[in-house]
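Structural description and commentary
Next come the chains, spelled out residue by residue.
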Amino acid sequence: MPQALPLTTKIGQDYKRETSFNDISIQFGNGVVQSGRLGTITSLDTYTVSWTVQGSTDRDTIQTALKAVGGWDYLTWTPPDQSTSKKFRLPNGYQIKNPSGTLWVIEATLKEIP
């Protein structure tokens with residue numbers, strides 16, 4: 001079941017965005033290459049984001065949402081540099097770090113889907 005990305009106000013401003021183009025190329029026997037768009041959506045974004053949270057309550061909220069979606073369902077989120085909500089999958093799961101005491105850092109790569 002799709003969910004909204006949790007605790008978006010705790011996502012760090014040091015996120016990373018990569019854009020990939022949805023295209024196709026065909027090389028013919030004589031060395032000629034023809035390229036073009038594949039479908040109506042010409043580019044998709046991938047974001048690497050991290051939450052820095054204090055305490056287990058926020059950590060558990062984020063983990064529960066990410067585990068519920070897994071790699072098969074999607075999250076909805078409006079990235080800081082966008083004006084509309086988009087759908088994202090978690091192709092590589094997520095990572096969690098405990099740098100000290102009750103401080104938690106959770107990192108995830110969100111891949112936009114059409």
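A few points on the structure. Here the structure is a predicted model, which means the values were calculated and not measured.

A word on the overall build of the protein
- Scanning the protein from N- to C-terminus turns up one helix and nine strands.
- Helices and strands in the protein line up, N terminus first, as β-β-β-β-β-α-β-β-β-β.
- For 114 residues, the compact-globule formula gives about 13 Å, and the C-alpha radius of gyration of the protein, at 18 Å, lies well above that figure.
- Burial statistics for the protein: of 114 residues in total, 31% are counted as buried.
- Expressed as a percentage of contacts within the protein between residues at least 6 apart in sequence, the contacts between residues at least 24 apart total 60%.
- A total of about 7100 Å² of accessible surface is found on the protein, and carbon and sulfur atoms cover 51% of it.
- Between the averaged position of the 11 positive side-chain charges in the protein and that of its 10 negative side-chain charges there is a distance of 3 Å.

As for the environment of Ser 56
- Locating Ser 56 in the fold gives a position in helix H1 (residues 56–69).
- Along the chain, Ser 56 and Leu 103 lie 47 residues apart, while their C-alpha atoms are 8.6 Å from each other.

With respect to the pattern of salt bridges
- Here the structure, examined in full by the defined rule, presents seven salt bridges.
- Asp 81 is the salt-bridge partner of Arg 17, the closest N and O atoms lying 2.8 Å from each other. With Arg 17 in strand E2 (residues 16–21) and Asp 81 in the loop between strand E6 (75–77) and strand E7 (86–89), the pair connects residues that are 64 residues apart, well separated along the chain.
- Taking the relative accessible area as the measure of exposure, Asp 81 reaches 34% and is therefore partly exposed.
- Each of Asp 45, Lys 86 and Glu 112 takes part in a single network of salt bridges with overlapping partners.

Observations concerning a nonpolar patch on the surface
- Together, Ile 24, Ile 26, Phe 28, Val 32 and Leu 38 make up an exposed nonpolar region whose accessible area comes to about 420 Å².
- Structurally, the position occupied by Leu 38 is in the loop between strand E4 (33–37) and strand E5 (43–54).

Concerning the packing of aromatic side chains
- Applying the stated criterion to the full structure yields four aromatic pairs.
- One aromatic cluster is present, formed by Tyr 15, Tyr 47, Trp 77 and Phe 88 through successive ring pairs.
- Over the ring of Trp 104 we find Arg 59; its NZ or CZ atom is 4.4 Å from the centre of that ring.

About the cut-offs
- Residues numbered from 1 in each chain as written.
- Predicted model: local features only at pLDDT ≥ 70, side-chain atom pairs only at ≥ 80, totals over all residues.
- Heavy atoms only, no water.
- Helix = DSSP H or I, 4+ residues; strand = E, 2+ residues; numbered from the N terminus.
- Rg over C-alpha atoms; globule rule 2.2 N^0.38 Å.
- Buried < 20%, exposed > 50% of the residue type's maximum accessible area, 1.4 Å probe, protein only.
- Contact = heavy atoms within 4.5 Å.
- Areas by Shrake-Rupley, 256 points an atom, 1.4 Å probe, with all protein chains shown as cover.
- Lys, Arg positive; Asp, Glu negative; His and termini not counted.
- Charge placed at Lys NZ, Arg CZ, Asp CG, Glu CD.
- Salt bridge = Lys/Arg side-chain N within 4 Å of Asp/Glu carboxyl O.
- Patch = residues over 30% accessible without salt bridge, like charges linked within 9 Å, V, L, I, M, F, W, Y side chains within 5 Å.
- Phe/Tyr/Trp six-rings, centres within 6.5 Å; stacked < 30°, edge-to-face > 60°.
- Lys NZ or Arg CZ within 6 Å of the ring centre and 35° of its normal.

Limitation: the analysis is restricted to geometry and does not speak to function.
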